[in-house]
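An overview of the molecular structure
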Amino acid sequence: MGIRVIAGTAKGRQLKLVPGDTTRPIMDRVKESLFNIIGRDIIDAQFLDLFAGTGSVGIEALSRGAAHATFVDLEKRAIQTVKENLVLTKFTPRATITHADAFIFLEQGPKLSYNFIYIAPPQYKDLWLRCLQQLDERPAWLHPELEVIVQIDPAEEQPLNLTRLEVVDQRRYGNTLLLFLHPKVRTDAESLEE
């Protein structure tokens with residue numbers, strides 16, 4: 001199955017897949033729906049693609065007008081594929097590629113004020129839940145304009161026990177579930193208690 005850029009300045013460009021079966025590329029119709037939901041908010045945005053895999057989602061963000069995308073993956077072959085796909089789409093100048101464990105990356109705190117954090121880890125290991133808990137425990141990551149998007153199999157869904165983040169929308173496309181989370185709006189009294 002090939003993957004491509006759906007819209008924007010690199011529309012139609014075919015992307016390389018990561019060799020082996022360690023990644024699960026997002027289906028075109030899910031990616032298209034995701035960016036239809038995001039809409040014009042992607043323009044000039046800072047986008048973080050955790051567990052980047054092929055880089056397809058971050059590259060789609062760049063193609064549609066994001067100012068910058070950061071790609072994080074621990075798998076060497078994924079990092080090489082992201083580099084090659086950025087060259088193919090000519091987005092290398094607007095990208096940062098980080099070969100790192102996503103949890104260590106989150107632990108270090110944000111280097112940029114991201115508008116979107118996209119989390120699509122290997123399935124059935126509760127890694128998405130760990131990421132959300134880690135973000136929830138680190139207010140430095142959370143600002144009012146942040147949107148966190150999680151891509152999981154619907155079978156992975158479970159109740160969330162989060163203090164600072166809340167699910168504001170979810171969409172199911174066959175065997176893919178997208179969760180959209182925002183930082184909770186805090187009252188002045190709650191802010192003073194921290």
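Residues numbered from 1 in each chain as written. Predicted model: local features only at pLDDT ≥ 70, side-chain atom pairs only at ≥ 80, totals over all residues. Heavy atoms only, no water.

If you walk through the whole model with that rule in mind, you get eight salt bridges. Residue Glu60 pairs with Lys31 through a salt bridge whose shortest N-O separation is 3.8 Å. In this pair, Glu60 is assigned in helix H2 (residues 56-63) and Lys31 in helix H1 (residues 28-38), connecting sequence segments 29 residues apart. Glu60 sits in the buried class, given a relative accessible area of 0%. Where Glu75 meets Arg77, a salt bridge forms, and the shortest distance between an N and an O atom there is 3.0 Å. Through salt bridges with shared partners, a single network forms among Lys31, Glu60 and Arg64. (Salt bridge = Lys/Arg side-chain N within 4 Å of Asp/Glu carboxyl O. Helix = DSSP H or I, 4+ residues; strand = E, 2+ residues; numbered from the N terminus. Buried < 20%, exposed > 50% of the residue type's maximum accessible area, 1.4 Å probe, protein only.)

Okay, the confidence of the model for the protein next. Detailed reading of the predicted coordinates is not advisable wherever pLDDT falls low. Of all residues in the protein, 93% attain a pLDDT of 70 or more, and the chain-wide mean is 91. Confidence over residues 188-192 falls short of pLDDT 50; this stretch has two contacts with residues more than four positions distant or in other chains. (pLDDT = per-residue confidence, 0-100. Contact = heavy atoms within 4.5 Å.)

Turning our eyes to something else, we now look at H1. Among the residues of H1, those classed as buried are Val30, Lys31, Ser33, Leu34, Phe35 and Ile38. The inward-facing, buried residues of H1 contact strand E1 (3-4), H2, strand E6 (116-119), strand E7 (147-152), strand E8 (165-173) and strand E9 (176-183). Gly39 sits one or two positions beyond H1 and adopts a positive phi of about 65°.

This part takes up the environment of Asn175. The residue Asn175 is located in the loop between E8 and E9 in this model. Residue Asn175 is classed as exposed on the basis of its relative accessible area, which comes to 54%. Here the alpha-carbon distance between Asn175 and Ile152, two residues 23 residues apart in the chain, equals 8.4 Å. In this structure, Asn175 is in contact with Ile152, Asp153 and Pro154, ignoring residues within four places of it in sequence.

Spatially, E5-E4-E3-E6-E7-E9-E8 is the arrangement adopted by the seven strands of the open sheet, whose pairing is mixed. Of all strands in the sheet, those bounded by a partner on one side alone are strand E5 (95-99) and E8. Taking each pair of neighbouring strands and ignoring which way they run, the sheet shows an average axis angle of 15°. Where strand E3 (residues 46-50) lies against E6, four bridges are found, and the strand directions are parallel. Bridging from a neighbouring strand, Leu48 pairs with Ile117 of E6. Contacts from H2 reach E3, strand E4 (68-73) and E6, with the element oriented near 175° to E4. (Pairing = 2+ DSSP bridges. Axes fitted to C-alpha atoms, helices over the stretch in contact; angles between N-to-C directions.)

By the element assignment, Ser63 lies in helix H2. Using a relative accessible area of 3% as the deciding quantity, one classes Ser63 as buried. Measuring from C-alpha to C-alpha, the distance between Ser63 and Arg130 comes to 29 Å, with 67 residues separating the pair along the chain. Those residues within four positions of Ser63 in sequence are excluded, and the remaining contacts are Val5, Ala7, Gly8, Thr9, Ala10, Lys11 and Phe91. Here Ala10 takes part through its backbone nitrogen, which lies 2.9 Å from a polar atom of the side chain of Ser63. (Polar contact = N/O pair within 3.5 Å; in protein donor to acceptor, adjacent residues only side chain to side chain.)

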